[in-house]
Amino acid sequence: MKFTDGNWMFLEGVTARYASRIYSWKQVGNELILLVPAKQVHHRGDTLDGPLLTITVSAPAPNVLRVKISHFEGELKNFPDLCEMESGDLRVRASEDSIIAESGDLSVRFSLGDQWHADFLFRDQLLCTSGERSVGLINIDGKGKFLHEQFTLRPDEKIYGLGERFTPFVKNGQVVDIWNKDGGASSEQAYKNIPFFLSSRGYGVFVNDSGPVSLEIGSEKTSKVQWSVPGNILDYCVIGGENPKEIVSNYGCLTGLPTLPPAWTFGLWLSTSFTTDYDEDTVTHFVDGMKQRDIPLSVFHFDCFWMKAFHWCDFQWDETFFPDPVGFLGRLKQKGLKISVWINSYIAQASQLFEAAKQNGYLLKTPSGGVWQTDQWQAGMGIVDFTNPEARSWFCESLNRLMDEGVDAFKTDFGERIPTDACYFDGSDPVKMHNYYPYIYNKTVFECLEKRKGHGKAVVFARSATAGCQKFPVHWGGDCLSNFEAMAETLRAGLSLGLCGFGFWSHDIGGFEGNPDPAVYKRWIQFGLLSSHSRLHGSGSYRVPWNFDEEAVDVLRFFTKLKCRLMPTLWSAAKEASESALPMLRAMLLEFPDDPITHYLDMQYMLGGQILVAPVMNRDGAASYYLPTGKWTHLLDDRQLDGSRWVQESYGFESLPIWVRPNSVVVFGSQDHQPDYDYLDSTEFHVYGLEVGKSCAAKIYNADCTQAAEFSCERISSSEYKILVSGQVKTPKAIFHTPEESHLDPKNQARQSKPFLLRCGAQEIVAPDGLG
């Protein structure tokens with residue numbers, strides 16, 4: 001939100017006051033409290049007739065400093081905080097010219113001079129500065145009061161994150177409004193607005209406000225990143241860390257770590273699609289068709305029209321098309337499938353649930369006390385009020401009945417078009433609740449699943465989100481078009497969301513709106529199966545591969561099986577995400593922060609910490625991507641290339657740029673027909689590009705994380721390795737990939753290697769071709 005008209009003037013109707021200098025300060029427990037007038041005070045009379053800002057600094061976690069700027073503090077608090085934080089250990093020291101507050105290795109130094117000035121530092125290295133006219137108290141005629149903060153944007157500084165944004169990956173020059181909207185995937189609007197950004201200068205900022213937050217990222221003042229909120233309080237945290245990964249992890253620990261989804265969710269999902277015609281015969285035909293073509297399928301998803309038109313949601317199967325849902329779901333489960341169904345939190349007027357919801361106060365209300373209703377989406381629909389505990393229990397009753405019938409997961413769609421003129425059961429401010437609604441919606445459904453199925457066995461497929469929703473995975477990218485441009489914007493959005501602590505993310509393979517041509521579909525298959533979660537879904541067309549061409553069948557089969565084989569590696573990355581908030585699908589800058597080229601890369605990513613993926617996004621198969629320093633090995637054909645350079649190549653539909661990082665190990669499992677199996681049985685540890693004197697390691701877990709195994713390998717000489725395997729792994733194999741001594745046949749994924757002398761540690765290694 002802009003307040004100024006150029007560099008010298010204000011927009012019409014804008015009056016601005018700025019923090020001038022620290023008038024007084026004190027430490028109260030674990031808080032530092034500054035009194036800062038919004039005008040210069042030269043004598044006692046200047047303390048009258050003007051605003052005073054109270055700035056409170058605390059340390060909610062190590063390497064996190066919370067700054068709360070307030071004007072009037074007498075307002076009734078009727079809104080949720082995005083993050084509940086307690087004050088931890090804050091160290092304060094003062095000198096004649098400054099006050100310093102420290103949390104871990106992060107500190108802020110406030111000047112006691114004549115002008116407002118605050119420097120944030122990590123281990124004495126300057127991160128960011130709040131300077132003169134940075135802290136602003138703004139009044140706009142007809143719009144009310146706003147508070148803003150600004151940090152200096154250094155010449156080489158880049159800003160990332162702020163949720164699932166489809167706009168350019170580097171946010172410099174953009175205006176970002178944190179306000180959830182159902183606007184598709186091709187504009188500046190977003191389903192998942194997260195008020196957290198990451199700076200290439202080594203810090204992050206989290207604005208702890210569930211209401212609208214507006215950011216001007218070098219767009220109002222070219223040398224400033226500014227965030228503003230309406231009202232009397234601006235609450236934000238500066239987050240430090242050793243590197244970008246640690247900053248993201250510190251943010252995730254503050255707002256909540258992702259829950260580890262069940263292993264079966266990492267397999268291939270197939271959907272009915274949205275507006276297509278389908279019944280039991282259609283679904284059975286699709287499922288059997290996948291089986292006949294040897295394409296592993298893990299989950300079948302029923303989209304909206306499993307219920308009757310005009311009745312969403314009544315949670316009742318449309319008996320015209322599904323006369324025996326319990327029997328039908330049972331037959332699908334006998335085929336080894338899990339079941340997902342579409343839901344949202346809207347109750348149509350024609351739903352049999354509407355009257356009871358109205359009578360019991362389970363829906364949002366108008367100021368006059370009636371049900372807030374709209375015809376947008378479902379005719380006459382109301383919106384479930386999840387601030388009412390009884391409404392939450394009532395909503396879960398329907399979900400429990402569906403789980404009785406055999407449903408395993410819920411696609412929690414919508415949650416963005418939440419009105420700002422409605423009334424909540426608990427009196428919450430509807431403006432503050434607009435962005436926060438997806439949190440309580442998805443929390444309700446996720447906890448209902450978890451209570452019924454057990455910890456670690458719940459999963460939703462959510463579209464809307466705010467900060468903290470990473471605790472309720474999985475999230476998908478929403479309604480994109482079915483072309484290469486949409487594929488690129490989807491990847492940008494996923495990378496940005498991952499930088500906000502969302503560990504698990506998916507997207508509609510082939511796109512949603514429209515019917516993708518075979519080239520788009522096949523290239524998106526590769527991208528989709530090399531994401532944490534993989535779903536075939538569309539709007540008005542079925543997405544089974546034989547509807548495109550026979551090559552699409554082959555491509556889907558190959559990459560689905562490859563993902564199943566890679567599950568020990570992917571499961572380890574998933575476990576890491578649940579413990580650190582590091583996403584499975586990682587922007588290159590997370591893994592290579594010291595390589596400035598990676599700071600701009602948004603057409604490729606790291607899948608976990610070892611595998612680089614650069615999806616092909618054109619018809620002719622041309623690929624242009626960047627390899628960081630070192631000797632990289634292609635996962636599918638064992639070619640090796642030196643990094644620190646751009647690569648231009650062409651790929652057929654059976655392959656793409658998928659490279660293994662130097663000096664690393666990728667763990668392959670023994671099965672290619674399902675994602676959930678014993679990852680510790682017949683495990684293959686593939687060592688890539690290991691240099692003499694270097695070592696690599698991997699830790700893997702079984703599918704319920706009750707057992708673990710560790711593998712480490714050190715290269716002693718050109719033909720000698722020292723290997724240690726500990727844990728419960730059965731019949732492991734070690735396979736080495738060097739330029740001249742190994743290869744992988746991409747058709748059967750069988751690797752050969754010349755024998756090397758191994759010095760084994762806790763357990764003997766069984767290796768192919770006499771390696772041992």
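Everything here concerns the structure above.
Residues numbered from 1 in each chain as written. Predicted model: local features only at pLDDT ≥ 70, side-chain atom pairs only at ≥ 80, totals over all residues. Heavy atoms only, no water.

## With respect to the sheet that holds strand E19 (residues 213-217)
Alright, step 1. Pairing within the open sheet is antiparallel, and its 6 strands lie in the order E3-E13-E14-E20-E19-E16. What marks the edges here is a single partner per strand, and that holds for strand E3 (14-18) and strand E16 (175-178). Neighbour to neighbour, the strand axes of the sheet diverge by 20° on average, direction disregarded.
Alright, step 2. Two strands pair when backbone bridges link them, and E19 and strand E20 (residues 224-230) are joined in this way by 4 bridges, in the antiparallel orientation. Within E20, the residue paired with Ser214 across the bridge is Ser228. (Pairing = 2+ DSSP bridges. Helix = DSSP H or I, 4+ residues; strand = E, 2+ residues; numbered from the N terminus. Axes fitted to C-alpha atoms, helices over the stretch in contact; angles between N-to-C directions.)

## Digging into helix H8 (residues 518-529)
Alright, step 1. Given a rise of 1.5 Å per residue, 12 residues ought to cover 16 Å, and the 16 Å separating the end C-alpha atoms of H8 matches this to within 8%.
Alright, step 2. The buried fraction of H8 is high, at 11 of 12 residues.
Alright, step 3. Turning to H8, its buried residues number three or more, namely Ala519, Val520, Tyr521, Lys522, Arg523, Trp524, Ile525, Gln526, Phe527, Gly528 and Leu529.
Alright, step 4. Between the side-chain oxygen at the start of H8 and the backbone nitrogen of Ala519 there is a gap of 3.1 Å, and the oxygen is on Asp517. (Expected span 1.5 Å × (residues − 1). Buried < 20%, exposed > 50% of the residue type's maximum accessible area, 1.4 Å probe, protein only. Polar contact = N/O pair within 3.5 Å; in protein donor to acceptor, adjacent residues only side chain to side chain.)

## Here's the deal with the layout of surface pockets
Empty space among the atoms becomes visible once a probe the size of a water molecule is rolled across them.
Alright, step 1. In this structure, the largest pocket encloses a volume near 700 Å³.
Alright, step 2. As for the largest pocket, its lining consists of 31 residues, of which Lys68, Lys77, Phe79, Asn232 and Ile233 are closest to the centre.
Alright, step 3. Among the elements of the structure, strand E6 (52-61), strand E7 (64-70), strand E21 (233-240) and helix H6 (430-453) are those that each provide at least two residues to the lining of the largest pocket.
Alright, step 4. Roughly 470 Å³ of internal volume is contained in the second largest pocket.
Alright, step 5. In this structure, the second largest pocket is lined by 28 residues; those nearest its centre are Gly609, Gln610, Val665, Ala697 and Ala698.
Alright, step 6. Element by element, the count of residues in the lining of the second largest pocket is highest for helix H10 (residues 567-580), at 7 residues. (1 Å grid on protein atoms, 1.4 Å probe; cavity = no way out; pocket = protein on both sides within 12 Å on 5 of 7 lines; lining within 4 Å. Points joined across faces, edges and corners; volume = space filled by probe spheres on them.)

## Thoughts on unusual backbone geometry
Alright, step 1. In this structure, Cys313 follows Trp312 across a cis peptide bond, with omega equal to -5°.
Alright, step 2. Along the chain, the position of Cys313 falls in the loop between strand E23 (299-302) and helix H3 (325-334).
Alright, step 3. Pro473 connects to Val474 through a cis peptide bond whose omega is 15°.
Alright, step 4. Tracing the backbone through its elements, the reader meets Val474 in the loop between H6 and strand E28 (475-476).
Alright, step 5. Within the chain, Ser273 stands out as a residue other than glycine whose phi angle is a positive 70°.

## Overview of the pairing of strand E12 (residues 125-130)
Alright, step 1. In this sheet, E12 lies alongside strand E11 (residues 118-122) in antiparallel orientation, the contact comprising 5 bridges. Paired with Asp119 across the bridge in E12 is Thr129.
Alright, step 2. Remark: 2 residues form the turn of the hairpin made by E11 and E12, two consecutive strands paired antiparallel; Arg123 in that turn has positive phi of roughly 50°.

## Section: the sheet that holds strand E41 (residues 684-688)
Alright, step 1. Across the sheet, 3 strands lie side by side as E40-E41-E45; this open sheet has mixed pairing. Whereas interior strands pair on both sides, the edge strands pair on one side only; in this sheet they are strand E40 (664-668) and strand E45 (733-737). Taken over all neighbouring pairs, the strand axes of this sheet differ in orientation by 25° on average, direction set aside.
Alright, step 2. Pairing between E40 and E41: 5 bridges, direction antiparallel. Paired with Val665 across the bridge in E41 is Val687.

## Examining the pattern of salt bridges
Alright, step 1. With the rule as written, the count across this model stands at 42 salt bridges.
Alright, step 2. The closest approach of N and O atoms between Lys245 and Glu591, which form a salt bridge, is 3.1 Å. One end of the pair, Lys245, is in helix H1 (residues 244-255); the other, Glu591, is in helix H11 (residues 588-591), and 346 residues separate them in sequence.
Alright, step 3. Residues Asp288 and Lys335 are paired through a salt bridge, measuring 3.1 Å at the closest nitrogen-oxygen approach. Of the two residues, Asp288 is situated in helix H2 (residues 280-292) and Lys335 in the loop between H3 and strand E24 (338-343); the sequence distance between them amounts to 47 residues.
Alright, step 4. Of the residues examined, Asp288 reaches a relative accessible area of 25% and is grouped as partly exposed.
Alright, step 5. A residue is classified by how much of its surface remains accessible, and Lys335, at 43% relative accessible area, is partly exposed.
Alright, step 6. One salt-bridge network, in which partners are shared between bridges, spans Asp182, Asp413, Glu416, Arg417, Arg463 and Asp479. (Salt bridge = Lys/Arg side-chain N within 4 Å of Asp/Glu carboxyl O.)

## Description of the side chain of His686
Alright, step 1. Along the chain, the position of His686 falls in strand E41.
Alright, step 2. Looking at His686, the relative accessible area reads 0%, which means it is buried.
Alright, step 3. Within the structure, the side chain of His686 is placed 2.8 Å from the side chain of His737, a separation counted as a polar contact.

## Here we look at empty space enclosed by the protein
Alright, step 1. Counted by the stated rule, this structure contains 2 cavities of 30 Å³ or more.
Alright, step 2. In this structure, the largest cavity encloses a volume near 50 Å³.
Alright, step 3. Taken together, Gly494, Leu497, Gly498, Phe502, Gly503, Phe504, Trp505, Ser532, Pro583, Met584 and Leu585 make up the lining of the largest cavity.
Alright, step 4. Taken together, the residues of the lining of the largest cavity sort by class into 7 nonpolar, 4 polar and no charged.
Alright, step 5. Approximately 30 Å³ is the volume attributed to the second largest cavity.
Alright, step 6. Taken together, Phe266, Gly267, Leu268, Leu529, Thr560, Lys563, Cys564, Met567 and Pro675 make up the full set of residues lining the second largest cavity.
Alright, step 7. For the lining of the second largest cavity, the leading source of residues is helix H9 (residues 550-565), giving 3 residues. (Nonpolar A, V, L, I, M, F, W, Y, C, P; charged D, E, K, R; others polar.)

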